[in-house]
Amino acid sequence: MTASSNSTEGNWHPSSLFAYDALPNRQDDSESTILDPKSIPETATNFYDRSLTSRRYALVGVACSTIVSCSCIVAGTVTLANHGVSGVTIIVPDVTYLHQEIPVLILNLIVTLCTESIGFVHSISLRSALASESRLRLNTNLRLLTAARGWGNPNGILLNGIMAILLIISYASSSFAVCRDTHYTMVTSIPEIEGSYVAFAGLPLLLLGVAIFLQVVIALSGLRGAKILTWSSSPFDLTAALVHHTQLTPVSFQCMRGVSDLDVDGGPVKPLETQPSAWQAHPSIRKVVISLWGLVVACAGWAALIMYIWHKNYRANFPPMMTPHSWSFFTVPPNYVSFFFPSGNVQRWILGFVFLAIIQGPLTLGLYCLELIANVVRDERQWRCATGRKGLRTATNPLKLFFTDLRCLVLFFAKPLLHWMFGISFGLYSFAYNGSVGELLITMGTAPIWNLCIALFILACFFTLVALRRPRGPQPATYGHLQTLANLVDEWSPVMWWGHKEDGIPYCHAGTSDHSLPDVKMDCIYAGSSLGSRPSIS
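Residues numbered from 1 in each chain as written. Predicted model: local features only at pLDDT ≥ 70, side-chain atom pairs only at ≥ 80, totals over all residues. Heavy atoms only, no water.

Quick word on the overall build of the chain
For the chain, the helix and strand inventory stands at 12 helices and nine strands. Every one of the 538 residues in the chain was classed for burial, and the buried ones make up 51%. Long-range pairs, those at least 24 residues apart, make up 74% of the contacts in the chain with a sequence separation of at least 6. Total accessible area on the chain stands at roughly 23800 Å², and carbon and sulfur atoms take up 64% of it. (Helix = DSSP H or I, 4+ residues; strand = E, 2+ residues; numbered from the N terminus. Buried < 20%, exposed > 50% of the residue type's maximum accessible area, 1.4 Å probe, protein only. Contact = heavy atoms within 4.5 Å. Areas by Shrake-Rupley, 256 points an atom, 1.4 Å probe, with all protein chains shown as cover.)

Concerning the packing of helix α10 (residues 406–425) against helix α11 (residues 446–468)
At a minimum axis separation of 10 Å, α10 and α11 run at an interaxial angle of 160°. Between α10 and α11, the crossing angle belongs to the class labelled roughly antiparallel. With respect to the hand of their crossing, α10 and α11 are arranged in left-handed fashion. Only Pro448, Ile449, Asn451, Leu452, Ala455, Leu456, Leu459, Phe462, Phe463 and Val466 of α11 make contact with α10, whose side of the interface consists of Leu406, Arg407, Val410, Leu411, Ala414, Leu418, Met421, Phe422, Ile424 and Ser425. (Axes fitted to C-alpha atoms, helices over the stretch in contact; angles between N-to-C directions. Parallel < 35°, antiparallel > 145°, perpendicular 65-115°, else oblique. Left-handed = near helix turned anticlockwise from the far one by under 90°.)

Focus: helix α7 (residues 283–313)
Every α-helical turn comprises 3.6 residues, leaving residues that sit three or four positions apart pointing alike. Relative to the 45 Å expected for 31 residues at 1.5 Å per residue, α7 spans 46 Å between its end C-alpha atoms, a close match to the ideal helical length. Of the residues making up α7, those classed as buried are Ser284, Ile285, Val288, Val289, Leu292, Leu295, Val296, Cys299, Trp302, Ala303, Ile306 and Trp310. (Expected span 1.5 Å × (residues − 1).)

Considerations on the side chain of Ser425
Topologically, Ser425 is positioned in helix α10. The exposure class of Ser425 is buried, given its relative accessible area of 0%. For Ser425, the side chain forms a polar contact with the main-chain oxygen of Met421, separated by 2.9 Å. Separated by 2.8 Å, the side chain of Ser425 and the backbone oxygen of Pro448 make a polar contact. Those residues in contact with Ser425, other than ones at most four positions away along the chain, are Trp302, Thr443, Met444, Gly445, Pro448, Ile449 and Leu452. (Polar contact = N/O pair within 3.5 Å; in protein donor to acceptor, adjacent residues only side chain to side chain.)

Remarks on the packing of α7 against α11
At a minimum axis separation of 9 Å, α7 and α11 run at an interaxial angle of 160°. Taken together, the axis directions place α7 and α11 in an arrangement best described as roughly antiparallel. In the crossing of α7 with α11, the sense of the turn from one axis to the other is left-handed. Partitioning the contact of α7 with α11 into residue classes produces 24 nonpolar, two polar and no charged. (Nonpolar A, V, L, I, M, F, W, Y, C, P; charged D, E, K, R; others polar.)

A short note on the sheet that holds strand β5 (residues 392–393)
On the basis of which strands lie adjacent, the open sheet formed by three strands has the order β5-β8-β9 and antiparallel pairing. Bordering the open sheet on either side are β5 and β9 (509–513), each of which pairs with just one other strand. Pairing of β5 with strand β8 (residues 495–502), which is carried by two bridges, proceeds in the antiparallel orientation. If you follow Leu392 over to β8, its bridge partner there is Met496. (Pairing = 2+ DSSP bridges.)

Overview of the pairing of β8
Within β8, six of the eight residues are buried, leaving the element largely enclosed by the surrounding structure. Judged from the five bridges that link them, β8 and β9 form a sheet pairing that is antiparallel. Following the sheet pairing, Trp497 is matched in β9 by Ser513. Between β8 and β9, which pair antiparallel and follow one another directly, the connecting turn spans six residues.

Here it is in structure tokens:
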């Protein structure tokens, strides 16, 4: 089977409806042969790093996620068994509004840690599934929007959709699993408050545990039958593994061609002083950035709508809308619109879950899609180390790679923070009395919504600048595109440098080496070291 982009129509599959726009994998049909990895015997693996350390970290993360999910299931089940559907379990005495919000923020952070660990394992199995189908083009793939073939496949359309729903449910459950439990007694027919506590509601906690556990099951099921060539998140280990197993073949005449040159005829070319940005090189980056700005606009419109409703109906009875007191994170906003859910037990919870998940879903999926920008730019940053003094180290510690990348850190902490801020803006509060949830209240405060909008605006500006930044220097940009890396790396080693390798008439050659190389010559034309025919200069 050839891996030419010319066969795209013939290989169309319904899963392409759910997949984001992958960059084409243009190869010469006469030189590009992809074999089934299961038909290749296991030979020397020192050609690339299988990253067993990453596998160890991933499995530990999945094990911790399983423990968290089981703990939530047990705690939720015990609460339901002892107190019924509306039962709660007291955590700490409630002193201020902040005491109720801190456990929600911590719970959102735990959900982020669990879903990120599960997502890494799920993405590794997706990568292997796409490679076995000759459809793996990029090191980074949005696992929920890129499907392997087969409806029953753990990485197929159906289960990917279920994983997306479970991800939304996880964050939605954490938003109102924490409630305030007020204890009171009747004194001469007048209720007298004895104390107020922060408590966990049993049903949301149970649903959170089930959602995380099902994600673990789907992620682990994807590993069954999958031949994992490497657990490394590095595009160089993955490219080396595919080349080693003859699933990817370098193409001639491409030693100065970057990922943005995929839609033009290859061949000799002069080096560029500045490379295209991720926005220019990757079609899906543009969609993610536009979607993020869509969230900002939608949040601003939401805030404006609440301001209009409050101004029209409550202005005469409440203080002014925008004051220093109302503009706060940690106090109940005096200017808000609220309504109660109808009475009932199971029906009330179902309405609350569905309503919150629908509203919060776009935020959850929007933040998830930002992983594409963070990861492809991280891959490009690592590739550009090949022209530095220390060179490019293909095998790196996965935790060191994560904690030294600003974009990944910003996104990791933005997920729980923005979900927590959304929970304050769209407050779905469950109030308990004497250990039993009595009512659900939705509040939409003007100041918290504007706080969320400002935070989304800052995040959108940050990732827009990241996507628009153009790398400097003649080194062709790859952004984690595997075929482009295979074309540019002509000599694999644990530490690599990229630069000028050979003078030639009329074409020079650039490539990689295990020792430092001189800079490429900006006035020369580069094509490769072994030219069969002489293609025209573009």
